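So you can see what is in the structure, the chains are spelled out below.
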Amino acid sequence: MQPERFGRYKILSRIGKGGMAEVFLASAPALDGGERVLALKRLLSPFSLDTQIISMMTDEARLSVWLTHPNIVQVLDFGKEDNSYCLALEFVGGCDLCDLIRVPDGGLGRPLPPGTALYVMTLVAEALDFAHNRRGPEGGTMGIIHRDVSPHNVLLSTEGEIKLTDFGIARATISMHYSTADVIRGKFSYMPKEQAMGREIDQRIDIFGAGVTLYEALTGVKPYTSNTLAEQIYQLEQPVPPPSALVANLPEEVDHICLRAMAPEPEHRYATARQLASDLQRAMARFTSAGREAEHLSDLVTDFIGPEESAQFRGMHHMTQDEFPIMDGGVISEELEAVRQASGLGDDEPLLDTVGAYFEDDQDFGYDDDDGDTLTEEDDLDVPTLESPAHPQRGGQYYQP
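These numbers come from a predicted model, not from an experiment.

## Comments concerning the sheet that holds strand β8 (residues 154–157)
Part 1 of the argument: If you trace the 3 strands from one edge of the open sheet to the other, you get β7-β8-β9, paired in antiparallel fashion. Edge strands, defined here as strands with exactly one partner in the open sheet, are β7 (94–96) and β9 (162–164). The sheet shows a mean angle of 25 degrees between the axes of neighbouring strands, taken without regard to direction.
Part 2 of the argument: Note: β7 against β8, 3 bridges, orientation antiparallel.

## Some remarks on the pairing of strand β2 (residues 9–17)
Working note: regular strand, side chains alternate between the two faces of the sheet.
Part 1 of the argument: Bridge count between strand β1 (residues 4–6) and β2: 3 bridges; the pairing is antiparallel. When the sheet's bridge partners are listed, arginine 5 is paired in β2 with lysine 10.
Part 2 of the argument: Counting the residues between successive antiparallel strands, the hairpin from β1 to β2 contains 2 residues, one of them, glycine 7, with a positive phi of roughly 60 degrees.
Part 3 of the argument: Linking two consecutive strands that pair antiparallel, namely β2 and strand β3 (residues 21–29), is a turn of 3 residues.

## Details of the sheet that holds strand β5 (residues 75–81)
Part 1 of the argument: The strand order across the open sheet formed by 6 strands is β1-β2-β3-β4-β6-β5, and the pairing between neighbours is antiparallel. Every other strand in the sheet has two partners, leaving β1 and β5 as the edge strands with one partner each. On average, each strand axis in the sheet is inclined to that of its neighbour by 40 degrees, with strand direction left out of account.
Part 2 of the argument: Here β2 pairs with β3 via 6 bridges, running antiparallel. Following the sheet pairing, isoleucine 11 is matched in β3 by alanine 26.

## Remarks on the pairing of β8
Part 1 of the argument: Pairing analysis gives 3 bridges linking β8 to β9, with the strands arranged antiparallel. If you follow leucine 156 over to β9, its bridge partner there is isoleucine 162.
Part 2 of the argument: The turn linking β8 back onto β9 is made up of 4 residues, and glycine 160 within it adopts a positive phi angle of 85 degrees.

## Points about the packing of aromatic side chains
Part 1 of the argument: Evaluation of the coordinates by the stated rule reveals 3 aromatic pairs.
Part 2 of the argument: Each ring, one from phenylalanine 78 and one from tyrosine 85, has its centre 6.0 Å from the other, and the planes form 20 degrees; the classification is stacked.
Part 3 of the argument: Overall, the relative accessible area of 10% leaves phenylalanine 78 in the buried class.
Part 4 of the argument: A residue is classified by how much of its surface remains accessible, and tyrosine 85, at 18% relative accessible area, is buried.
Part 5 of the argument: Considering the side-chain rings of phenylalanine 208 and tyrosine 224, the 6.1 Å spacing of their centres and the 25 degrees angle between planes classify their relative orientation as stacked. Linking phenylalanine 208 in helix α5 (residues 204–219) with tyrosine 224 in the loop between α5 and α6 (229–236), this pair joins segments that are 16 residues apart in sequence.
Part 6 of the argument: Between arginine 42 and the ring centre of phenylalanine 6, over which it is positioned, the NZ or CZ distance is 4.7 Å.

## Here we look at the packing of helix α9 (residues 290–305) against helix α10 (residues 307–314)
For any two helices packed against each other, one specifies the inter-axial angle together with the distance between the axes.
Part 1 of the argument: Packing of α9 against α10 brings their axes to within 6 Å, and their N-to-C directions diverge by 120 degrees. Taken as axis vectors, α9 and α10 run oblique relative to one another. Contacts between α9 and α10 involve Ser298, Thr302 and Ile305 from the former and Pro307, Glu309, Ser310, Phe313 and Arg314 from the latter.
Part 2 of the argument: Taken together, the residues of the contact of α9 with α10 sort by class into 3 nonpolar, 3 polar and 2 charged.

## Observations regarding the pattern of salt bridges
Part 1 of the argument: A full pass over the atoms with the stated rule returns 16 salt bridges.
Part 2 of the argument: Close ionic contact of glutamate 159 with arginine 314 constitutes a salt bridge, the shortest N to O distance being 3.6 Å. Pair noted here: glutamate 159 is in the loop between β8 and β9 and arginine 314 is in helix α10, with a separation of 155 residues, a long-range link.
Part 3 of the argument: Given the relative accessible area of 39%, arginine 314 is considered partly exposed.
Part 4 of the argument: Among the charged side chains, a salt-bridge network with shared partners connects Glu4, Arg14, Glu22 and Arg42.

## Remarks on the environment of isoleucine 15
Part 1 of the argument: You can see isoleucine 15 is positioned in strand β2.
Part 2 of the argument: The sequence separation of isoleucine 15 and alanine 39 amounts to 24 residues, and the corresponding C-alpha distance is 8.5 Å.
Part 3 of the argument: In this view, isoleucine 15 contacts Val23, Phe24, Leu25 and Phe91; residues no more than four positions away in its chain are not counted.

Criteria and thresholds
Residues numbered from 1 in each chain as written. Predicted model: local features only at pLDDT ≥ 70, side-chain atom pairs only at ≥ 80, totals over all residues. Heavy atoms only, no water. Pairing = 2+ DSSP bridges. Helix = DSSP H or I, 4+ residues; strand = E, 2+ residues; numbered from the N terminus. Axes fitted to C-alpha atoms, helices over the stretch in contact; angles between N-to-C directions. Phe/Tyr/Trp six-rings, centres within 6.5 Å; stacked < 30°, edge-to-face > 60°. Buried < 20%, exposed > 50% of the residue type's maximum accessible area, 1.4 Å probe, protein only. Lys NZ or Arg CZ within 6 Å of the ring centre and 35° of its normal. Parallel < 35°, antiparallel > 145°, perpendicular 65-115°, else oblique. Contact = heavy atoms within 4.5 Å. Nonpolar A, V, L, I, M, F, W, Y, C, P; charged D, E, K, R; others polar. Salt bridge = Lys/Arg side-chain N within 4 Å of Asp/Glu carboxyl O.

Right, dumping it as structure tokens:
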């Protein structure tokens with residue numbers, strides 16, 4: 001059976017389907033003439049005439065060109081093929097964080113080992129810091145707010161890669177679609193109070209979402225389980241037990257980081273994603289290393305999806321932005337030219353090199369953060385070692401890698 005053709009793309013298999021779009025594993029010709037795989041997000045036909053949805057997809061494509069970062073999924077192409085709008089995205093062969101920690105029956109989840117959870121969320125916070133501080137064509141920050149940081153939007157590969165995805169509802173100064181303060185976007189159970197109540201928001205809502213995601217990754221338990229805005233507002237008024245109440249031998253400093261990130265009031269949270277990343281990295285580095293946790297994460301994802309599919313993913317040649325034949329005159333090519341001009345890059349220089357401008361003095365994750373209130377050397381005293389978590393209701397290993 002011949003693969004389905006969709007414009008210049010070859011559909012290999014369907015990865016998933018949502019209310020508005022379906023996602024495929026696809027391939028397309030690269031600049032060198034070979035085939036590379038990518039993910040193709042195609043709007044379902046009833047939504048192909050919805051101007052609001054199309055403008056949001058356009059924004060995601062334009063914004064992604066400014067967010068070339070190793071921990072952010074890159075959009076490669078956007079356009080209309082066979083009367084359907086589609087996004088071509090970097091393919092991440094693995095699963096999302098939600099799949100890895102949730103169980104199908106909705107019961108208690110499978111938390112990550114604490115060191116792995118800290119490692120994953122350090123890189124998510126690093127990606128958010130890059131997005132929050134990205135400067136646009138006029139030199140000022142672009143005001144990017146993701147607005148939907150959650151386990152569903154953290155992709156994990158069999159190679160141990162971590163990628164933040166879905167800037168489709170992000171707010172930024174270059175956005176074409178307009179959202180007023182009282183427009184609610186995002187998942188209820190990852191929203192802080194100001195977002196849930198339709199008040200003015202800033203980048204601290206992403207820090208809240210990261211904190212809730214960290215809590216779930218550490219414990220396997222969702223701190224908020226709301227399905228409506230009213231439920232979320234009510235639950236936000238209730239105290240949340242620290243992660244150590246659910247995970248044995250979890251250091252107090254990890255409780256401090258998690259609960260500060262998800263503080264109900266924005267002024268009590270971390271002021272920046274850089275501060276959050278700094279504390280996460282410092283806590284992780286006391287017990288483990290980034291290299292060790294990358295290998296551990298790779299093993300966890302491989303075990304989850306199975307060795308056969310993992311081997312298939314690892315054997316694929318993934319499309320990168322530098323290999324993709326971008327069509328002149330399209331949304332991506334126009335924005336790409338603006339990025340190159342703003343960054344002072346030539347046509348042959350890779351965009352990914354611009355990442356180093358933000359972390360040029362860093363080692364490893366390398367945060368040497370003097371901004372704001374972070375953990376001090378005194379916090380090193382009497383901190384227990386990180387072990388596989390145990391859940392008190394099970395009386396044994398809650399998750400055994």
